Amino acid sequence: GCGKTTLVEDLACASGKPLISVCAFESMSVHDLVGHYVIADHGSLFKKGPLLKAVEQGGVFYFDEINAVGADVLKILHALLDHRRILYDYSTGDCVAAHADFQFIGSFNPSQ
């Protein structure tokens, strides 16, 4: 507890931007972040994940313990975090451009 999460919360609050915070885990999949299909009364529907919501709506996406996820999850972040600022939408196969107010913050506790 050195205050990483509190710092991010204060940053989002001070900037007036919404905060979506996700704590990573070892078995996390791309679908946990981007979204997945669920069975509905009349077929199926796509339930957006927290990263896709943040990319579309803007605000601060805080990915805590980012070092806990596998390479497949990190790979989807490449185009989002470089100059392209796009996220591949697995539901449609399209690329979603990040909202102008989208910010990404990742943190982790290094192994000792």
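Fair warning: this is a prediction, and the values are worked out from it, not measured in the lab.

How each quantity is defined
Residues numbered from 1 in each chain as written. Predicted model: local features only at pLDDT ≥ 70, side-chain atom pairs only at ≥ 80, totals over all residues. Heavy atoms only, no water. Helix = DSSP H or I, 4+ residues; strand = E, 2+ residues; numbered from the N terminus. Pairing = 2+ DSSP bridges. Axes fitted to C-alpha atoms, helices over the stretch in contact; angles between N-to-C directions. Buried < 20%, exposed > 50% of the residue type's maximum accessible area, 1.4 Å probe, protein only. Arc of directions from axis to C-beta. Salt bridge = Lys/Arg side-chain N within 4 Å of Asp/Glu carboxyl O. Expected span 1.5 Å × (residues − 1). Phe/Tyr/Trp six-rings, centres within 6.5 Å; stacked < 30°, edge-to-face > 60°.

S.K.: Looking at this structure, how should I read unusual backbone geometry?
M.R.: As a rule of thumb, non-glycine residues mostly have phi less than zero, and peptide bonds are mostly trans rather than cis. At Glu-65, a position not held by glycine, the phi torsion is positive, near 60°. Mapped onto the elements, Glu-65 comes out in the loop between strand E4 (59-64) and helix H4 (71-75). The phi torsion at Arg-85 lies on the positive side, around 50°, for a residue other than glycine.

S.K.: Would you take a moment to explain the sheet that holds strand E1 (residues 19-23) for this structure?
M.R.: Two orientations exist for strands paired in a sheet by backbone hydrogen bonds: parallel and antiparallel. The parallel open sheet is built from 3 strands, whose spatial order is E1-E4-E7. The outermost strands of the open sheet, each flanked by one partner alone, are E1 and strand E7 (102-107). Pairwise comparison of adjacent strand axes, ignoring direction, gives a mean angle of 15° for this sheet. Taken together, the 5 bridges between E1 and E4 define a ladder with parallel strand orientation.

S.K.: What am I meant to see in helix H3 (residues 50-57) here?
M.R.: Since the α-helix turns once every 3.6 residues, residues separated by three or four places project in the same direction. Of the residues making up H3, those classed as buried are Leu-51, Leu-52, Ala-54 and Val-55. Down the axis of H3, the buried side of the element spans an arc of 165°, and every buried residue falls inside it. In the segment just after H3, Gly-58 is the residue with positive phi, at about 90°.

S.K.: Just to check I follow, could you spell out the pattern of salt bridges for this structure?
M.R.: Once the charged atoms of two side chains with opposite charge are near each other, the side chains can pair. Within this structure, the stated rule accounts for 2 salt bridges. Lys-48 is the salt-bridge partner of Glu-56, the closest N and O atoms lying 2.6 Å from each other. According to the relative accessible area criterion, Glu-56 is partly exposed, its value standing at 29%. Of the residues examined, Lys-48 reaches a relative accessible area of 37% and is grouped as partly exposed.

S.K.: Is there a simple way to think about helix H1 (residues 4-15) in this case?
M.R.: Its 12 residues give H1 an end-to-end C-alpha distance of 17 Å, which sits within 8% of 16 Å, the value for a rise of 1.5 Å per residue. Of the residues flanking the end of H1, it is Gly-16, one or two places downstream, whose phi is positive at about 75°.

S.K.: Would you mind showing me how to read the packing of aromatic side chains here?
M.R.: Both the distance between ring centres and the angle between the ring planes are used here to describe each pair of aromatic rings. The tally for this structure, following the rule as stated, stands at 4 aromatic pairs. Each ring, one from Tyr-37 and one from Phe-46, has its centre 5.2 Å from the other, and the planes form 70°; the classification is edge-to-face. For Tyr-37, a relative accessible area of 49% corresponds to the partly exposed category. When the ring of Phe-63 is compared with that of Phe-104, the centres are 6.3 Å apart and the planes differ by 85°; the resulting orientation is edge-to-face.

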